[in-house]
Amino acid sequence: MIYIAPEILEVANTWLTPTFDEETQHQIKELIANNPDELKESFYKNLAFGTGGMRGIMGVGTNRINKYTLGKNTQGLANYLKQEFPKKNLKVAIAYDCRHNSDSLAKLVANVFSANGIKVFLFSELRPTPELSFAVKHLGCDCGIVLTASHNPPEYNGYKVYWNDGGQIVPPQDNAIIKAIEAVDYADINFEANTDYIELIDTAIDDAFINTSVANGSFEGTERNNLSIVFTSLHGTSITILPETLKRAGYKNIHIVEEQATPDGNFPTVKSPNPEEPEALTMAMELAEDVNADIVIGTDPDSDRLGIAVRDNNNKLILLNGNQTMVIMTDFLIGQWLKQGKLGENDFVGSTIVSTPMMQELADYYGVECKVGLTGFKWIAKMIKDHPNQPFIGGGEESFGFMVGDFVRDKDAVTASLLACEIASQAKSNGSSMYNELIKLYATHGFYKEHLVSLVKKGISGAEEIKQMMISFREKPLKKINGSKVIMLEDYQTSTMKNLITDKEYPLEVPKSNVLIYYTEDGSKIACRPSGTEPKIKFYISVKETLKHVDDFVKINQRLDTKIAAIINDLNVN
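The structure presented is a predicted model; accordingly, all values stated were derived computationally and were not measured.

About the cut-offs
- Residues numbered from 1 in each chain as written.
- Predicted model: local features only at pLDDT ≥ 70, side-chain atom pairs only at ≥ 80, totals over all residues.
- Heavy atoms only, no water.
- Helix = DSSP H or I, 4+ residues; strand = E, 2+ residues; numbered from the N terminus.
- Buried < 20%, exposed > 50% of the residue type's maximum accessible area, 1.4 Å probe, protein only.
- Contact = heavy atoms within 4.5 Å.
- Pairing = 2+ DSSP bridges.
- Axes fitted to C-alpha atoms, helices over the stretch in contact; angles between N-to-C directions.
- Core = buried A, V, L, I, M, F, W, Y, C linked by side-chain atoms within 4.5 Å.
- Polar contact = N/O pair within 3.5 Å; in protein donor to acceptor, adjacent residues only side chain to side chain.
- Salt bridge = Lys/Arg side-chain N within 4 Å of Asp/Glu carboxyl O.
- Arc of directions from axis to C-beta.
- Parallel < 35°, antiparallel > 145°, perpendicular 65-115°, else oblique.
- Left-handed = near helix turned anticlockwise from the far one by under 90°.
- Disulfide = S-S within 2.5 Å.

Asker: Looking at this structure, I do not really get the overall build of the protein chain. What am I missing?
Answerer: Helix and strand counts for the protein chain stand at 17 helices and 24 strands. Taking the principal axes of the C-alpha coordinates as reference, the protein chain spans close to 70 × 55 × 45 Å. The 574 residues of the protein chain split such that 57% are buried. Here the analysis covers contacts within the protein chain between residues at least 6 apart in sequence; of these, 69% occur between residues at least 24 apart.

Asker: Teacher, can you tell me more about the sheet that holds strand β12 (residues 317-320) here?
Answerer: Working definition: the strands of a sheet are paired by backbone hydrogen bonds and lie parallel or antiparallel to each other. The five strands lie next to each other as β9-β8-β10-β11-β12, forming an open sheet whose pairing is mixed. Only two strands of the sheet have a single partner each, and these edge strands are β9 (254-256) and β12. Direction aside, neighbouring strands of the sheet carry axes that sit 25° apart on average. The sheet contact formed by strand β8 (residues 229-232) and strand β10 (residues 295-299) spans four bridges and is parallel. Its bridge partner being in β10, F231 is matched across the sheet by I297. Docked against the sheet, helix α10 (residues 282-291) engages β8, β9, β10, β11 (306-311) and β12, running at close to 155° with respect to β8.

Asker: Mind showing me how you'd approach the nonpolar core here?
Answerer: If you look at the biggest cluster of nonpolar residues, it comprises 97 residues, and the most contacted ones within it are I295, I308 and F539. If we ignore the near neighbours within four places in the chain, the residues touching I295 are L227, S228, I229, V230, I308, A309, V310, A420, A424 and M434. Residues I65, A78, L126 and Y159 belong to the second largest nonpolar core, which totals 37 residues.

Asker: Mind showing me how you'd approach the sheet that holds strand β15 (residues 392-397) here?
Answerer: The four strands lie next to each other as β14-β13-β15-β16, forming an open sheet whose pairing is mixed. One side of each edge strand has no neighbouring strand; the edge strands of this open sheet are β14 (369-373) and β16 (401-404). Averaged over all pairs of adjacent strands, the angle between strand axes in this sheet comes to 15°, irrespective of strand direction. Across five bridges, strand β13 (residues 348-352) lies against β14 in parallel orientation. Looking at the pairing, F348 lines up with E369 of β14.

Asker: What am I meant to see in the side chain of S42 here?
Answerer: Residue position: S42 is located in helix α3 (residues 36-43). Residue classification places S42 among the buried positions, given a relative accessible area of 1%. Looking at S42, its side chain comes within polar contact range of the main-chain oxygen of E38, at 2.8 Å. The contact partners of S42, leaving out residues within four places of it in the chain, are L31, V60, G61, T62, N63 and R64.

Asker: What exactly am I supposed to notice about the pattern of salt bridges here?
Answerer: Oppositely charged side chains may form a pair once their charged atoms are brought near each other. Taken as a whole and judged by the stated rule, the model has 27 salt bridges. With its nearest N and O atoms 3.7 Å apart, the salt bridge here joins D410 to K160. Linking D410 in the loop between β16 and α14 (413-429) with K160 in strand β6 (residues 156-163), this pair joins segments that are 250 residues apart in sequence. Judged on exposure class, the residue D410 and its partner K160 are both buried. Through salt bridges with shared partners, a single ionic network connects K160, D304, E397, D410 and K411.

Asker: Teacher, can you tell me more about helix α9 (residues 242-249) here?
Answerer: Three or four residues apart is the spacing at which side chains of an α-helix point the same way, because the helix has 3.6 residues per turn. The complete set of buried residues in α9 reads L242, P243, T245, L246 and A249. Here the buried residues of α9 occupy an arc of 160° about the axis, which is enough to place them on one side. At its buried positions, α9 is contacted by α8 (203-217), β8, β9, β10 and α14. Count one or two residues on from α9 and you reach G250, which has phi positive near 115°.

Asker: Explain the pairing of strand β19 (residues 484-491) here, please?
Answerer: Remember that side chains alternate between the two faces of the sheet whenever the strand is regular. Where burial is concerned, most of β19 is hidden: six out of the eight residues are buried. In this structure, strand β18 (residues 480-481) lies alongside β19, joined through two bridges in antiparallel fashion. The residue bridging K480 from the neighbouring strand is K485, located in β19. As consecutive antiparallel partners, β18 and β19 are separated by two residues, and within that stretch N482 has a phi angle of approximately 55°, a positive value. Here five bridges tie β19 to strand β22 (residues 516-520), and the two strands are oriented antiparallel to one another. Directly across from E490, in β22, lies its bridge partner I517. In the sheet, β19 pairs with strand β20 (residues 496-499) via four bridges, with the strands oriented antiparallel. The residue bridging D491 from the neighbouring strand is T496, located in β20.

Asker: Before we go on, may I ask you to explain the packing of α8 against α9 in this structure?
Answerer: If you want to describe how two helices pack, look at the angle between their axes and the distance between the axes. As a packed pair, α8 and α9 sit with axes 9 Å apart at the nearest point and diverge in direction by 50°. One way to sum up the angle between α8 and α9 is to call them oblique. Here α8 runs over α9; the crossing is right-handed. Every residue of α9 that contacts α8 at D207, I210, N211, S213 and V214 is listed here: E244, T245, R248 and A249.

Asker: For this particular structure, what's the right way to read unusual backbone geometry?
Answerer: Note: most residues except glycine have negative phi, and most peptide bonds are trans. Looking along the chain, the bond that leaves P171 and enters P172 is cis, with omega of 0°. Mapped onto the elements of the fold, P172 is located in the loop between β6 and α7 (173-182). One non-glycine residue, N572, adopts positive backbone phi at about 60°. Examined against the element boundaries, N572 turns out to sit in the segment after α17 (553-571). Among the residues examined, N572 registers a relative accessible area of 63% and is labelled exposed.

Asker: Could you clarify how one ought to interpret the state of the cysteines in this entry?
Answerer: Joining two cysteines, a disulfide is a covalent bond between their sulfur atoms. Using the criterion set out here, one finds zero disulfides in the structure. The thiol sulfur of C143 is not disulfide-bonded, and the nearest other cysteine sulfur, from C141, lies at 7.8 Å.

Asker: Got a minute to help me understand the environment of E475 in this structure?
Answerer: Structurally, E475 can be placed in helix α16 (residues 459-475). Taking the C-alpha atoms as reference points, E475 and Y156, separated by 319 residues in sequence, lie 34 Å from one another.

Asker: Looking at this model, I keep getting lost on the environment of V136. Mind explaining?
Answerer: As for its placement among the helices and strands, V136 is situated in helix α6 (residues 129-138). C-alpha of V136 to C-alpha of I94: the two residues are 42 residues apart in sequence and 8.8 Å apart in space. With sequence-adjacent residues up to four places away left out, V136 is seen in contact with A93, C141, C143, G144, W163, N164 and G166.

As structure tokens, then:
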């Protein structure tokens, strides 16, 4: 006899009522009869918002992405908007990516908003996430939604909520919206569309977004005809926008990986459509060798992350990590502002607590501020919103995301890709390369090298394992890492920073988050945090040495690799 926990069966049975359609009820009955483990995974909790909104596996149940969980989100959000702006003609923008069901789920979300008397601007076809952020501001919307699961596997989808500034929701809106959603009963969802309130949008927004991207991401003095580019959209949305953006900026020598150019939610040519994974760019690298390209660019399915490969001093293509891309782009942008006479003492760049400390070094060098927030671009967008009198230059985070200026309030692989080409093109025309420019930065500011260890822990048991790992690192903190004494411990869950030399504690002035960061005597930094959107626990390792001369790069690089390997061994996370 199949055993099903009573509390699971009780919740599942609430979905076997007339509120839910026959197909949903049929699927649940099948799970009850034949797959109790999947039934438990589907109903043991409500799918929650993380750092990037709601993201999860598609299917029936409270812990899955489906018409009812997204309908409940949308009804709750509609109720909240009406409460916040009772006298306003409300407007929302909706976009979606290449994933299975993204188009139908986007239409469903549009239907619910329209049924509640809210004007909807719905993209007629799939579009990049940064274009949705742009559209929210461009159209004067009160919020925006994008249906995407970014770089997650094909069985995932998601629902990201943007506020009227174009940034993702942050406190206090996020908690208030969650309460409004929780107050909604499934029977309260109004699915009956009012088509008078739905307007399809496409090329007019495309043109505005592309032109603004070119205006912000390209600079005078760039010889663009000389740069050979290989680009892959990894079956995602950037194919709709990025090639045209590069062409309008003046780049003509663009080679597209045709096998990956058609949007496809199965992502058939890659194990993971994530440019953080070297395997994802294999086909692009092969094409780059065939055409002797200078730079390779790959974007994730919703086009907010980008991976870059450039040639080293032996003419070999190497992949840059997110921290390396971020410091090159930040230094270049600040330098351009300086050339243009725009740079002032009030300007700032943005970064996150798990990204490279080198961002602070760059900011100090130029005399600008580096604001550091929690993981996720919503916090960088919040910096801009909270400091309207401080010009924002640009900013990024280690997970292959960058934002150029503030016309988009999320990581933007479209404009960042254009910026990467500008940097590579200018360097090439000056007899240098993007790779050499990075080494020069290390020689000036210190050689920082980072590495990410990401452990996948799926399901209920995985979530418990991640929880126990974080408890262990908190309650039994390491005294030494790779033989170097731990001198500082930051716990963002308790909002405390403790100096282990003086035994004094100081408050951390950022919102609480489940992040723990160790600092050692030799300048190493190790952060650990559970992912907010994936079943993973992540360890961010940063090490540093002085690079006295660029000729010492290879030797110092090897020493830093050895140090990182030893730290991974000490953490026992390999």
